[in-house]
Amino acid sequence: MSTDPTPGAAPARRVRRYRRRLRSRIILSFVLLGFGLTALFAFLTQEARNRVENDLVEDVMNRNIDEFARRFYSDPSSSPDLPLQQMIGRVVKRERFEMLKAEQPDWYDLPDGIHNLSGVDENGEPFSYKLAVRKTPEEWFFLAYDMTQAARGEAQFQRAILGSVLLVSLLSLLIGWWAASRVMSPVSDLARRLQDSDSSTRPAALAAHFPDDEVGQLAGALDDYAARLTEVVQRDREFNADVSHELRTPLAVIKGAVELLLAKPGLDDKTEARLLRIQRAEQQCTDLISALLLLSRNERGHGATDVAKVAEQLLDAHRTQIRNKPLELRLQGDSGLVVDAPEAAVSVALGNLIGNAVKYTNAGEVVVRMLPQAVEVIDSGPGLSAEDAAKLFERGYRGTHAEHSQGGGIGLSIVRRLCDLYGWSVRVVPGETRGVIATLSFTTITASASSSGEPA
């Protein structure tokens, strides 16, 4: 049952926040932890490898270019040998400086030091090497160290590191899946046992099935909560049964006394009218007690109730109470609607709607219209405000037109609870010109019923 203050208004959009299951969170945490740690380790390893390799190569080249120059000066007539493989040495004398500019333009402008050079040769093969440069006024010394093989090794190392990251991430996923299953198994078992105990009035103890850990503590707390809740429900049921029993006795006494007084001959009209009013009040109290007892037990009563007959009785009761009020009460439609519910429940639900209409209509008419599967209560009262529509079925709410009327504002709250219990629906909307139209439908609810209207 939902509240729709304005007929035809668009339904409010429900914002649903997506929440991952705890099992998924655990698995995701393991995967992210494994991937993050492995990726960080791979990055640091790669950086350390590159730095160490670069420092070692540059140290070797610095020492070897100095040795290359020393050997050249010891015997300038011959080309010195290199002590290491993968190195190519070249000496350019002063008179060939300009020729070097034409042959190796990328070497010509390089200052002293070690430089990284890369590119593609005439065969389309990539190359990479380090070049050590020592320049004197008379000779320039160049020492090239081939890094192509080292680059291939670095690429293989990177592929191995990437494979390791993926492998560890997959392993983390498997471990996370296993750990989540182990961790969530007692929680799932607890939820299953708690679900199985819904049908029993006294749920079985849960803590006995779990060890003394966090889940066991949770099970113990649930047992304690269930025990306290069961005790409260039991006390509430006993209280309702006791009140119902104790109230039925004086009501039976009142009913018997009124029947005896009505059977007494020679009653004047005024006294008879008062006794009939007491009799109707007694019947109304009896019906209300029966309906409230059914609500407290949350159980449906059964019966074959003629709704038109109940409506006519309610209208007759209100006709004797409106006194000099210029108000006409009418029943329209066929009288063939019979519902499977106690007469007390139908009388309380329909009586609140009729009572509201009579209470808030100072002049005009109140029409109870019988439909195939519903009853409409149409009045010519002051209508329905937006504030009343928003809070209509709240317990204890009394509307803007209830300043001088009696009542605790719980009538329509009881109607709503009866509708929830029996699967009926109630809908209250403003009339076409003025007043309010209240519809009590006895069909099973298939869509959200719209509830708005005057307060009880």
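Going by the structure above, here's the rest.
Model, not experiment: these values are computed from the prediction.

(A) View of the overall build of the chain. When helices and strands are counted, the chain shows 10 helices and 13 strands. By residue count, 35% of the 456 residues in the chain fall in the buried class. The long-range fraction of contacts in the chain, counting pairs at least 24 apart against all pairs at least 6 apart in sequence, stands at 64%. Split by element, the accessible area of the chain, about 28,200 Å² in all, is 55% carbon and sulfur.

(B) Here's a closer look at the sheet that holds strand β7 (residues 327–332). With respect to topology, 5 strands assemble into an open sheet ordered β7-β9-β10-β12-β11, the strand pairing being mixed. In this open sheet, the two strands that pair with only one neighbour each are β7 and β11 (425–430). Neighbour to neighbour, the strand axes of the sheet diverge by 10° on average, direction disregarded. Two strands pair when backbone bridges link them, and strand β9 (residues 364–370) and strand β10 (residues 374–379) are joined in this way by 5 bridges, in the antiparallel orientation. Pairing of Val366 across the sheet is with Asp379, part of β10. Against the sheet, helix α8 (residues 343–360) contacts β7, β9, β10, β11 and β12 (436–441), and its axis sits at roughly 15° relative to β10.

(C) View of the sheet that holds strand β4 (residues 126–135). Reading across from one edge, β2-β5-β4-β3 is the order of the 4 strands in this open sheet, with antiparallel pairing throughout. A single partner strand is all that each edge strand has here, and the edge strands are β2 (87–93) and β3 (113–120). Neighbour-to-neighbour, the strand axes of this sheet turn through a mean angle of 25°, independent of strand direction. Of the strands in this sheet, β2, β3, β4 and β5 (139–146) touch helix α1 (residues 22–74), which is tilted by about 140° from β5.

(D) Inspection of the pattern of salt bridges at higher detail. By the definition in use, this model includes 9 salt bridges. Between Arg228 and Asp224 there is a salt bridge; the shortest N-O distance is 3.1 Å. Taken together, the residues span about one helical turn, with Arg228 and Asp224 both in helix α5 (residues 214–263) at a distance of 4 residues. As a salt-bridge pair, Arg330 and Glu328 come within 3.7 Å of each other at their nearest N and O atoms. By relative accessible area, which is 42% here, Glu328 ends up partly exposed. Salt bridges sharing common partners tie together Arg90, Arg96 and Glu103.

(E) Seen up close, the pairing of β10. The buried count for β10 comes to 6 of 6 residues, which makes it a mostly enclosed element. Taking every second residue as pointing to the same face, both faces of β10 are buried, with Ala374, Glu376 and Ile378 on one and Val375, Val377 and Asp379 on the other.

(F) View of the nonpolar core. Ranked by size, the top nonpolar core spans 45 residues in total, and within it Val307, Leu350, Leu418, Trp424, Leu440 and Phe442 carry the most contacts. Top contributing element to this core by residue count: α8, with 9 residues. Leu418 has contacts with Ala291, Leu295, Ala345, Val348, Ala349 and Trp424, leaving out every residue within four places of it along the chain.

(G) Spotlight on the packing of aromatic side chains. Taken as a whole and judged by the stated rule, the model has 5 aromatic pairs. Here the aromatic rings of Phe97 and Trp140 are separated by 4.0 Å at their centres, their planes lie at 15°, and the arrangement is stacked. Residue Phe97 is located in helix α2 (residues 97–103), and its partner Trp140 is located in strand β5; the two are separated by 43 residues in the primary sequence. The class for Trp140 is buried, based on a relative accessible area of 11%. Consider the rings of Tyr422 and Trp424, whose centres lie 4.9 Å apart with planes at 20°: the pair is stacked. Overall, the relative accessible area of 7% leaves Tyr422 in the buried class. Here Trp424 falls in the buried class, since its relative accessible area comes to 4%. Clustering of aromatic rings is evident, with ring pairs tying together Phe97, Tyr108 and Trp140. Sitting over the face of the ring of Trp140, Lys135 holds its NZ or CZ atom 4.1 Å from the ring centroid.

Cut-off values and rules
- Residues numbered from 1 in each chain as written.
- Predicted model: local features only at pLDDT ≥ 70, side-chain atom pairs only at ≥ 80, totals over all residues.
- Heavy atoms only, no water.
- Helix = DSSP H or I, 4+ residues; strand = E, 2+ residues; numbered from the N terminus.
- Buried < 20%, exposed > 50% of the residue type's maximum accessible area, 1.4 Å probe, protein only.
- Contact = heavy atoms within 4.5 Å.
- Areas by Shrake-Rupley, 256 points an atom, 1.4 Å probe, with all protein chains shown as cover.
- Pairing = 2+ DSSP bridges.
- Axes fitted to C-alpha atoms, helices over the stretch in contact; angles between N-to-C directions.
- Salt bridge = Lys/Arg side-chain N within 4 Å of Asp/Glu carboxyl O.
- Core = buried A, V, L, I, M, F, W, Y, C linked by side-chain atoms within 4.5 Å.
- Phe/Tyr/Trp six-rings, centres within 6.5 Å; stacked < 30°, edge-to-face > 60°.
- Lys NZ or Arg CZ within 6 Å of the ring centre and 35° of its normal.

None of this, on its own, says anything about what the molecule does.
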